[in-house]
Amino acid sequence: MSADYHLFDCFGVELEYMIVDAKTLDVFPASDRVLHAIAGAYESEVEMGELSWSNELALHVIELKTNGPAGKLTDLAEKFDADVRRINEILDAHGGRLMPTAMHPWMDPHTQTKLWPHEYSPVYEAFNRIFDCRGHGWSNLQSTHLNLPFSGDDEFGRLHAAIRLLMPILPALAASSPVMDGAPTGVIDTRLETYRYNSRKIPSVSGQVIPEAAFSRAEYDRMILQHIYKDLAPHDPEGILQFEWANARGAIARFDRSAIEIRTLDVQECPAADIAILQMIVAALRAIVDERFCPFERQKAWSVGALAELHLQVIEEGELAIIENMDYLRALGLEGTARYTVRDIWRHLVEVTNVRVAVSERSRNAMDVVVEKGPLSRRLLRRLGDAPDRRTIEGAYRELCDCLQAGTLFDA
């Protein structure tokens with residue numbers, strides 16, 4: 001993206017998937033084999049027309065992303081579907097397949113993590129040396145990233161304020177990680193719960209996940225980036241990590257490409273679900289930026305602490321969380337004194353933004369499932385029951401692999 005793009009002119013979408021053994025569903029570190037099959041060498045990224053494929057920190061994870069800005073979200077699901085199937089064809093020759101969701105349900109990251117060993121590895125080696133990436137919050141998490149453009153400080157400030165305000169309720173749509181270490185965790189979005197702690201050695205790197213109230217480039221640099229760079233410096237004498245992407249908040253400013261990247265979304269069971277969720281988020285952000293619910297000055301006034309408290313509640317309880325903060329409800333256009341669940345809030349946002357009218361039937365159906373039946377985590381928990389054994393968990397996740405291959409939603 002570049003400064004030539006204005007708010008909501010285009011979108012960048014990234015989807016991360018696990019590679020697993022087709023028979024056992026154990027993690028299978030083979031992303032380099034997939035990329036080598038296309039490039040003929042161990043490249044970190046290969047362009048595949050309108051999409052590209054790239055490696056990630058862990059060798060069992062591969063990322064599919066738009067190859068540059070996409071002008072619309074509406075037809076992206078089908079493009080991602082096609083590339084998912086192509087990767088599965090390559091993996092089939094090696095005995096592997098792709099698995100969706102944000103966390104592998106029984107991976108032991110301390111013994112099974114293998115980092116990307118090829119091009120770009122000095123960056124990963126630096127992260128590993130400082131933080132020890134053999135943990136769930138580093139090597140067992142797959143997410144969906146949404147990149148949104150801005151041009152200049154005013155657009156940056158308005159977009160950043162809107163994203164900060166909406167971030168607490170995003171897990172109610174996107175949570176897909178209810179199982180870790182072979183059992184349900186009791187938390188709807190376990191990926192975000194573990195993600196909160198992966199930079200504990202240097203807390204400024206991730207902060208409280210919700211970014212600070214910075215609404216210009218100068219403020220952002222002073223309040224966030226310079227703190228990160230200063231705290232990293234003693235551990236990173238070569239300056240390998242002194243870049244914007246070292247910021248691990250749930251939404252990060254990328255001034256190098258005039259975009260904000262939202263990173264708190266768990267990846268779903270198929271691209272159609274991801275795209276439907278992104279369409280709802282974009283519609284809500286447009287309404288907030290347009291000041292349909294509250295003025296920009298009130299949006300800016302929200303503290304990190306107040307938003308982080310709400311975020312933690314939704315990470316744990318998902319769409320069933322009851323929001324009692326009346327100021328927050330009013331900030332999203334809900335009046336009166338009634339208490340609302342986060343599901344109620346999303347029903348309201350879907351209705352007032354009229355987002356269902358402008359999308360495909362496939363997206364409308366996916367929206368209905370996610371909002372009314374709950375995020376994928378909730379649907380998975382219904383399928384698994386109270387105390388699932390390994391066989392039950394494996395059966396559900398094998399079905400999720402089939403959903404990804406077929407491009408269909410998981411419905412308990």
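Keep in mind that this is a model prediction, so the values were computed, not measured.

Colleague: Which parts of the structure should I look at to understand the environment of Ala 39?
Modeller: Residue placement: Ala 39 occurs in helix H1 (residues 31–39). C-alpha of Ala 39 to C-alpha of Trp 138: the two residues are 99 residues apart in sequence and 27 Å apart in space.

Colleague: Please clarify how the pattern of salt bridges should be interpreted in this entry.
Modeller: Side chains that differ in sign of charge can pair as their charged atoms come close. For the coordinates displayed, the defined rule picks out 29 salt bridges. Salt-bridge contacts for Glu 319 lead to Arg 343; the nearest nitrogen and oxygen are separated by 3.5 Å. One end of the pair, Glu 319, is in the loop between helix H12 (304–317) and strand S11 (322–323); the other, Arg 343, is in helix H14 (residues 342–353), and 24 residues separate them in sequence. With a relative accessible area of 2%, Glu 319 lands in the buried category. Classification of Arg 343 by relative accessible area gives buried; the value is 15%. Among the salt bridges present, the one from Glu 399 reaches Arg 383, with a minimum N-O distance of 2.5 Å. Taken together, the residues Glu 399 in helix H17 (residues 390–406) and Arg 383 in helix H16 (residues 376–384) connect sequence positions 16 residues apart. You can call Glu 399 partly exposed: its relative accessible area is 30%.

Colleague: Which parts of the structure should I look at to understand the nonpolar core?
Modeller: For soluble globular proteins, the rule of thumb is that nonpolar side chains tend to be buried together. Membership of the largest hydrophobic core comes to 119 residues, with the highest contact counts inside it found for Leu 148, Leu 166, Met 280, Ile 281 and Trp 346. Counting residues per element, this core draws most heavily on helix H10 (residues 271–289), which supplies 15 residues. If sequence neighbours within four positions are ignored, Trp 346 has contacts with Leu 166, Ile 169, Leu 170, Ala 172, Leu 173, Met 280, Ile 281 and Ala 284. Counting 16 residues, the second-largest nonpolar core is a separate cluster that includes Trp 106, Leu 376, Leu 380 and Cys 403.

Colleague: Help me understand the side chain of Arg 164, please; the structure alone is not making it clear to me.
Modeller: Here Arg 164 is to be found in helix H6 (residues 152–166). In this structure Arg 164 is buried but unpaired, with Glu 212 as the nearest side chain of opposite charge at 7.0 Å. A polar atom in the side chain of Arg 164 sits 3.4 Å from the backbone oxygen of Glu 212. Each residue touching Arg 164, except ones within four places of it in the same chain, is listed here: Pro 211, Glu 212, Ala 213, Phe 215, Gln 299, Lys 300, Trp 302, Ser 303, Val 304 and Leu 307.

Colleague: Whenever I open this one, unusual backbone geometry confuses me. Can you help?
Modeller: Of note in this structure, Thr 101 is not a glycine but carries a positive phi near 85 degrees. Phi is positive for Val 209, close to 75 degrees, though the residue is something other than glycine.

Colleague: When you look at the pairing of strand S5 (residues 96–99) in this model, what are you seeing that I'm missing?
Modeller: For a regular strand, side chains alternate in direction, first toward one face of the sheet and then toward the other. Side-chain alternation along S5 places Gly 96 and Leu 98 on one buried face and Arg 97 and Met 99 on a second face that is also buried. Of the pairings in the sheet, the one linking strand S1 (residues 12–21) to S5 comprises 4 bridges and is antiparallel in character. Bridge assignment links Met 18 to a residue of S5, and that residue is Met 99.

Colleague: Sorry, what's going on with the packing of aromatic side chains here?
Modeller: In this description, a pair of aromatic rings is defined by centroid distance and the angle of the planes. By the definition in use, this model includes 7 aromatic pairs. Ring centres of Phe 150 and Phe 255 lie 5.8 Å apart, and the angle between their planes is 75 degrees; on these two criteria the pair is classed as edge-to-face. Of this pair, Phe 150 sits in the loop between strand S6 (143–149) and H6 while Phe 255 sits in the loop between strand S9 (251–254) and strand S10 (259–266), and the two are 105 residues apart along the sequence. One exposure class covers both Phe 150 and Phe 255, and it is buried. Where Phe 156 meets Tyr 220, the ring centres are 5.9 Å apart and the plane angle is 85 degrees; that geometry is what we call edge-to-face. In this pair, Phe 156 sits in helix H6 while Tyr 220 sits in helix H9 (residues 217–232), placing the two residues 64 residues apart along the sequence. Like Phe 156, the residue Tyr 220 is buried in the burial classification. The positively charged end of Arg 390 is found above the aromatic ring belonging to Trp 106, 3.8 Å away from the centroid.

Colleague: How do you make sense of the packing of H6 against H10 when you look at a structure like this?
Modeller: When two helices pack together, their arrangement is captured by the angle between the axes and the distance separating the axes. Between H6 and H10, whose axes approach to 9 Å, the crossing angle comes to 120 degrees. In terms of axis orientation, H6 runs oblique to H10. Viewed along their axes, H6 and H10 form a crossing whose handedness is right-handed. Two secondary-structure elements touch here, H6 through Arg 158, Leu 159, Ala 162, Ile 163, Leu 165 and Leu 166 and H10 through Ile 281, Ala 284, Leu 285, Ile 288 and Val 289. Broken down by class, the residue content of the contact of H6 with H10 amounts to 10 nonpolar, no polar and 1 charged.

Rules of the game
Residues numbered from 1 in each chain as written. Predicted model: local features only at pLDDT ≥ 70, side-chain atom pairs only at ≥ 80, totals over all residues. Heavy atoms only, no water. Helix = DSSP H or I, 4+ residues; strand = E, 2+ residues; numbered from the N terminus. Salt bridge = Lys/Arg side-chain N within 4 Å of Asp/Glu carboxyl O. Buried < 20%, exposed > 50% of the residue type's maximum accessible area, 1.4 Å probe, protein only. Core = buried A, V, L, I, M, F, W, Y, C linked by side-chain atoms within 4.5 Å. Contact = heavy atoms within 4.5 Å. Lys, Arg positive; Asp, Glu negative; His and termini not counted. Polar contact = N/O pair within 3.5 Å; in protein donor to acceptor, adjacent residues only side chain to side chain. Pairing = 2+ DSSP bridges. Phe/Tyr/Trp six-rings, centres within 6.5 Å; stacked < 30°, edge-to-face > 60°. Lys NZ or Arg CZ within 6 Å of the ring centre and 35° of its normal. Axes fitted to C-alpha atoms, helices over the stretch in contact; angles between N-to-C directions. Parallel < 35°, antiparallel > 145°, perpendicular 65-115°, else oblique. Left-handed = near helix turned anticlockwise from the far one by under 90°. Nonpolar A, V, L, I, M, F, W, Y, C, P; charged D, E, K, R; others polar.

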